[in-house]
Amino acid sequence: MRHVVFLAATVLGFVTSACGHRSSSPSSTAASQQTTAASAPAKAKDAPLPFIEDDYPRALAEAKAKNKPLFVDGWATWCHSCLSLKSYVLTAPEMRAQADNFVWLSVDSEKDQNAPFFQKFGLSVLPTLWVIDPKTEQISWKLAGALTAPELAAALDDVRKKDGNAGEAESAFADGVRADAHKDPAGAARFYEKALAKSPRTWNHRAEAVSAYVTDLSATKQAERCAEVADHEAHALPMSTYRVNAAVIGAGCAQDQPQGSPAHTHLAPLVKELTDIVHTKGTILADDRSGAFDELISALKSDGKKDVAKQMAAEWAAFLEGEAQRAPDTKGRAVFDAHRMLAYVELGDPARAIPMFSQTERDFPEDYNPPARLSRVYFELKRYDEALAAASRAITKAYGPRKLRLYQLKADIAAAKKDAPAERQALDEALQFASTVSLREGYEKLRAQLAERRAKLGSGATAQR
């Protein structure tokens, strides 16, 4: 999931796929996405955060002029955690109270115009949040993933504090986040280990440090230590995003190791921890609770408990359907589409996702994600003509390098239909499109894979338009 990087907050003042507790007291985490924006923004404090969209130079100039730090939300339309952040965190009262403290910028990572920003500041996880000093363009704070609204507001309060009296644990923690910022997870892990050793269990940064330590142990392939720390530390933390993160990553470290290995012995207690998390109500984001369901089911299957995993998948689906029904609007409901599909796949019934994606496509006719996901469902059901029609609709609406995955899906459908000319055409179109956009590392790897696949198909005729 994620962990936080503080570079110039109280003490000085990233890093996995899905998407941490941050407060002055370990017990102060409050309800998260249940506190959404009021329906009638009658007062200034109820107004949405004044985000500038996709214009870093303008936002930077405004931050300099106002002498305020710049908050940046790096996101993508296909990222469910990004949509959760926008619908359930950035709209919350705790965040609206921060409106005057920052200049706010939202940056779509798929838009080519934003490539210079991401080339400058990097991107490996979505969402990623930054606080940037406009005078120096140095990162003051960075978060790979999402927090609850109370956690994020408390973190931003810390960013704005100036406190040079850091204790030994705080100093080690600051050294760890510096090392993370410089892409040195091994060094960061050593500092986090020191910070935890030098701090009491009541230390208010313990949850962040545990989450960051487990994340870096995973990143440096120290599976046994990763699982051990998660097992021994996560359950003792207050329920928070950081606790979820530590448990999810620790369980991943444990299940990836052979049965009977020292690391694998930690899987059972971490499965219990994840089970407790998924049955927790109110203190973590629904998106994070859903991620815990996902990891729990994977862990159960890896441990040979397929029947229990299926039971949990049924709970997962019911939980997500309930969250979708309670969503404040159609955007909030669509947050849960991607994980609902995963839950239905775990239940062996992907067709249950068809009405959901069809409704979302009607609600958001300009969004390429609903037909893209609908195409994937039809493909899994071997309904290839419907899959192709949905993929074609998605391609006409899509933009940015993510569009390569849609061409890849179209090629997969053609291959399944044994239509080599159509497969060649889809790959040719993908490679032509790739030459027109900026590609980050992951997309450059995808482009190379598509080029290799195209080369293997030879020089036969492509499909006629």
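Higher on the page you've got the structure.
Cut-offs and rules
- Residues numbered from 1 in each chain as written.
- Predicted model: local features only at pLDDT ≥ 70, side-chain atom pairs only at ≥ 80, totals over all residues.
- Heavy atoms only, no water.
- Core = buried A, V, L, I, M, F, W, Y, C linked by side-chain atoms within 4.5 Å.
- Buried < 20%, exposed > 50% of the residue type's maximum accessible area, 1.4 Å probe, protein only.
- Helix = DSSP H or I, 4+ residues; strand = E, 2+ residues; numbered from the N terminus.
- Contact = heavy atoms within 4.5 Å.
- Expected span 1.5 Å × (residues − 1).
- Phe/Tyr/Trp six-rings, centres within 6.5 Å; stacked < 30°, edge-to-face > 60°.
- Lys NZ or Arg CZ within 6 Å of the ring centre and 35° of its normal.
- Polar contact = N/O pair within 3.5 Å; in protein donor to acceptor, adjacent residues only side chain to side chain.
- Disulfide = S-S within 2.5 Å.
- Arc of directions from axis to C-beta.
- Pairing = 2+ DSSP bridges.
- Salt bridge = Lys/Arg side-chain N within 4 Å of Asp/Glu carboxyl O.

**Student:** Just give me the short version of the nonpolar core, but keep the residues and values in it.
**Tutor:** Within the largest apolar cluster, 99 residues are counted, with the highest numbers of intra-cluster contacts made by Phe71, Met95, Trp141, Leu152 and Leu156. Broken down by element, the residue count for this core peaks at 9 residues, all from helix α10 (residues 241–255). Discounting chain neighbours no more than four positions away, the residues touching Met95 are Leu49, Val89, Leu90, Trp104, Ala149, Leu152, Ala153 and Leu156. If you look at the next biggest cluster of nonpolar residues, it comprises 21 residues, including Trp75, Val107, Leu126 and Ile132.

**Student:** Describe helix α12 (residues 286–302), with residues and values.
**Tutor:** Note: α-helices contain 3.6 residues per turn, so residues at a spacing of three or four share the same orientation. Over its 17 residues, α12 extends 24 Å from the first C-alpha to the last, a length consistent with the 24 Å expected when each residue adds 1.5 Å. Directly after α12, the chain includes Gly304, whose backbone phi takes a positive value near 80 degrees.

**Student:** Explain the packing of aromatic side chains residue by residue, including any values.
**Tutor:** Taken as a whole and assessed by the stated rule, the structure comprises 18 aromatic pairs. Here the aromatic rings of Tyr407 and Phe433 are separated by 6.3 Å at their centres, their planes lie at 50 degrees, and the arrangement is tilted. Of this pair, Tyr407 sits in helix α19 (residues 403–416) while Phe433 sits in helix α20 (residues 420–434); the two residues are 26 residues apart in sequence, bridging distant segments of the chain. The residues Tyr407 and Phe433 share a single accessibility class, namely buried. Chaining the aromatic ring pairs together yields one cluster made of Tyr56, Phe117, Phe118, Phe121 and Trp130. In this structure, Lys120 packs its charged tip against the face of Phe121, placed 5.7 Å from the ring centre. The ring of Phe433 has Lys403 sitting right over it, with the charged end atom 5.0 Å from the ring centre.

**Student:** Outline the environment of Tyr88, listing residues and values.
**Tutor:** Note that Tyr88 resides in helix α2 (residues 80–89). Separated by 197 residues in the primary sequence, Tyr88 and Leu285 have C-alpha atoms spaced 8.0 Å apart. Within the structure, the side chain of Tyr88 is placed 3.1 Å from the backbone oxygen of Gly332, a separation counted as a polar contact.

**Student:** I'd love a proper account of the state of the cysteines, names of residues and values included.
**Tutor:** Counted according to the given criterion, the structure contains 2 disulfides. Put simply, Cys79 and Cys82 are joined by a disulfide, and their sulfur atoms are 2.4 Å apart. Given an S-S torsion of about 85 degrees, the disulfide between Cys79 and Cys82 has right-handed geometry. For Cys79, a relative accessible area of 6% puts it in the buried group. Residue pairing for Cys226: its cysteine sulfur links by disulfide to Cys253, the two sulfurs lying 2.2 Å apart. Disulfide Cys226 to Cys253: torsion about the S-S bond roughly 80 degrees, handedness right-handed. In this pair, Cys226 is assigned in helix α9 (residues 223–233) and Cys253 in helix α10, connecting sequence segments 27 residues apart.

**Student:** Give a detailed account of helix α18 (residues 384–397), specifying residues and quantitative values.
**Tutor:** Over its 14 residues, α18 runs 20 Å from end to end, which matches the ideal 20 Å to within 8%, given 1.5 Å per residue. Buried within α18 are the following residues: Ala387, Ala390, Ala391, Ala394 and Ile395. Down the axis of α18, the buried set is contained in an arc of 140 degrees. They therefore lie on one face. Every exposed residue of α18 that faces more than 90 degrees away from the buried side is listed here: Asp385 and Thr396.

**Student:** Could you give an account of the side chain of Glu295, naming the residues involved and the relevant values?
**Tutor:** Topologically, Glu295 is positioned in helix α12. Polar contacts involving the side chain of Glu295 include one to the main-chain amide nitrogen of Gly252, which spans 3.4 Å. Glu295 has contacts with Val248, Ala251, Gly252, Gln255 and Leu274, leaving out every residue within four places of it along the chain.

**Student:** Mind laying out the pairing of strand β4 (residues 103–108), listing which residues take part and the relevant values?
**Tutor:** Summarising burial for β4: 6 of the 6 residues are buried, a large majority. With 6 bridges connecting them, strand β3 (residues 70–75) and β4 associate as parallel partners. By the bridge assignment, Trp75 is partnered in β4 with Asp108.

**Student:** If you had to explain the pattern of salt bridges to someone new, which residues and values would you point to?
**Tutor:** Tallying each qualifying case throughout the model produces 26 salt bridges. Residue Glu62 pairs with Lys66 through a salt bridge whose shortest N-O separation is 3.0 Å. One end of the pair is Glu62 and the other is Lys66, both in helix α1 (residues 56–66) and 4 residues apart, which spans about a single turn. Taking the shortest distance from any N to any O, the salt bridge between Glu273 and Arg243 comes out at 2.6 Å. Taken as a pair, Glu273 in helix α11 (residues 267–278) and Arg243 in helix α10 lie far apart in primary sequence, 30 residues in all. On the basis of relative accessibility, which here comes to 10%, the residue Arg243 falls in the buried class.

Everything listed is a geometric property; what it means functionally is a separate question.
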